[in-house]
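# A look at the structure
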Amino acid sequence: MRVLGIDTSCDDTAVAMVEDGERIVSNVVSTQIEIHRRFGGVVPELASRSHLDAIVPTLEQCLTESGAEPDAVAVTNRPGLIGALLVGVASAKAWAFAREKPLVGVDHIAAHVYSPRLSLPRPEYPYLALIVSGGHTALFRAESPSEMQRLGTTTDDAAGEAYDKVSALLGLGYPGGPAIDRVAADGDTEAEKFPRTLLGPESLDFSFSGLKTAVLYKVRGQDAKGRPLGDAEAPPLSEQRIADVAASFQAAVVDVLIEKTLRAARREGLERIALGGGVAANSCLRERLAVAADQAGLETFFPPRPLCTDNAAMIAGLGYHLLETPTAERGLALEARPR
Ligand code: KG4
Ligand code: ZN
């Protein structure tokens with residue numbers, strides 16, 4: 001059974017074909033990074049317009065690469081930017097209607113939780129999923145493709161959002177994650193003692209806004225709050241100083257992500273940990289989580305980068321299972337929902 005997946009929830013126009021929920025036949029992503037870069041973040045109206053331009057060519061490329069038509073269509077209908085979601089949902093409805101194929105709606109975050117199942121080695125159920133992206137930081141207990149329980153989430157900024165803001169502060173540009181990851185390699189992680197906000201010994205929730213403010217004060221001084229960030233305001237810091245602050249910031253983020261992930265695994269009695277979301281591409285997080293999990297006797301599953309960042313293979317993969325799930329949202333009445 002071949003499922004066509006479509007995701008336009010944020011700033012990537014993604015279309016993929018997946019067989020039986022596991023074998024990726026085609027996985028096409030048209031990114032808008034260059035369009036949003038000069039604004040230092042995603043501009044929703046520009047994202048919607050870019051999806052409109054990209055959706056048909058991206059769909060055509062995926063269908064050409066696949067060499068065969070799908071048996072069903074799956075589309076992200078929640079959560080995301082509403083104008084962006086609507087482009088994917090309308091396109092998926094049109095395609096499903098014209099070809100008389102079943103249509104199923106997919107939750108983007110649930111698809112990130114599913115995505116480790118699309119590469120080898122595959123985590124067996126149940127597993128713990130740490131989803132860290134520009135919009136989300138959350139821990140899930142995944143029981144089956146369609147059953148998962150959220151164990152914790154961010155109370156303010158997402159991890160990727162913190163990376164992007166600190167990157168702007170240091171004059172490193174957008175997207176911030178890869179930039180900080182790169183310069184932090186030459187920095188001293190002990191140069192600054194930034195806070196590790198754990199929200200108490202039991203909590204599985206996250207908070208990164210205090211860390212972000214601590215970096216702001218350190219770089220710009222105590223009166224810096226409320227002033228705009230961005231390249232134009234970037235302070236004259238030496239390259240070494242930027243590397244040191246980036247490395248110290250990154251160490252604080254990774255410490256918290258690892259502590260909460262191991263806490264969750266321990267509490268839930270889970271032996272397998274999987275990663276998803278754009279921040280899962282972070283080299284420091286991957287290296288240190290692999291070591292920490294190994295010491296705790298846990299197995300780790302780090303999908304390749306194209307399956308960590310936004311993609312439609314995860315939508316098609318999970319969509320395949322949802323076609324058989326009675327409670328799934330389906331058909332031409334499907335609605336796009338931002339939350
Ligand atoms: O999952 P994603 O592509 O889009 C969504 O937000 O859904 O994640 C994008 C986020 C951005 O905040 C970006 O700065 C971050 O992932 N990111 C990274 C790295 N690569 C991307 N953060 C840390 N280290 C990286 N290597
Ligand atoms: Zn995402």
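In what follows, the structure referred to is the one given above.
The paragraphs below set out a description of the structure included in this document. Keep in mind that what you see is a predicted model, and the values were worked out from it rather than measured. (Residues numbered from 1 in each chain as written. Chains lettered and ligands numbered in written order. Predicted model: local features only at pLDDT ≥ 70, side-chain atom pairs only at ≥ 80, totals over all residues. Heavy atoms only, no water.)

Turning next to the coordination of the zinc ion (ligand 2). On the protein side, the zinc ion (ligand 2) has H108 (NE2), H112 (NE2) and D310 (OD) as donor atoms, found 2.0 to 2.2 Å from it. Coordination at the zinc ion (ligand 2) is irregular: its four donor atoms span angles of 90 to 143° at the metal. When the donor residues of the zinc ion (ligand 2) are listed from N- to C-terminus, their spacing reads H-x3-H-x197-D. Residue H112 is found in helix 4 (residues 108-114), and its partner D310 is found in the loop between helix 10 (305-308) and helix 11 (313-322); the two are separated by 198 residues along the sequence. You can call H112 buried: its relative accessible area is 1%. Given a relative accessible area of 16%, D310 falls into the buried group. (Donors = N, O, S within 2.8 Å, 3.2 Å for Na, K, Ca; no water. Tetrahedral: all angles 85-135°; square planar, octahedral: opposite > 155°, others 65-115°. Helix = DSSP H or I, 4+ residues; strand = E, 2+ residues; numbered from the N terminus. Buried < 20%, exposed > 50% of the residue type's maximum accessible area, 1.4 Å probe, protein only.)

Right, let's get into the site of ligand 1. Of all residues adjacent to ligand 1, which total 18 residues, the nearest are G134, D164, G177, D181 and N282. Take D164: an N or O atom from its side chain is 2.8 Å from an oxygen atom of ligand 1. Of all the secondary-structure elements, those providing two or more residues to the shell around ligand 1 are helix 5 (159-169) and helix 6 (176-184). (Near = heavy atom within 4 Å. Polar contact = N/O pair within 3.5 Å; in protein donor to acceptor, adjacent residues only side chain to side chain.)

The next point concerns the packing of helix 5 against helix 7 (residues 209-220). Look at helix 5 against helix 7: their axes get within 10 Å of each other, and the N-to-C directions meet at 5°. Taken together, the axes of helix 5 and helix 7 lie roughly parallel to each other. Contact residues: K165, V166 and L169 in helix 5; K212, V215, L216, V219 and R220 in helix 7. Here the residues of the contact of helix 5 with helix 7 are counted per class, giving five nonpolar, no polar and three charged. (Axes fitted to C-alpha atoms, helices over the stretch in contact; angles between N-to-C directions. Parallel < 35°, antiparallel > 145°, perpendicular 65-115°, else oblique. Contact = heavy atoms within 4.5 Å. Nonpolar A, V, L, I, M, F, W, Y, C, P; charged D, E, K, R; others polar.)

This part covers the packing of aromatic side chains. Throughout the structure, instances matching the rule amount to three aromatic pairs. Measuring from centroid to centroid gives 6.2 Å for F206 and F208, while their planes differ by 15°, and the two rings are stacked. The buried category is assigned to F206, whose relative accessible area is 0%. (Phe/Tyr/Trp six-rings, centres within 6.5 Å; stacked < 30°, edge-to-face > 60°.)

The biggest cluster of nonpolar side chains holds 47 residues, and the ones touching the most others in it are L128, F208, L211, V215, F249, L257 and L285. Those elements that provide at least two residues to this core are strand 6 (127-132), helix 5, helix 6, helix 7, helix 8 (239-268), strand 9 (272-276) and helix 9 (283-295). Looking at which element gives the most residues to this core, the answer is helix 8, with 14 residues. Sequence-distant contacts of L211, that is, excluding residues within four places in its chain, are made with F194, P195, F249, A252 and V253. (Core = buried A, V, L, I, M, F, W, Y, C linked by side-chain atoms within 4.5 Å.)

Coordinates in, geometry out; function isn't part of it.
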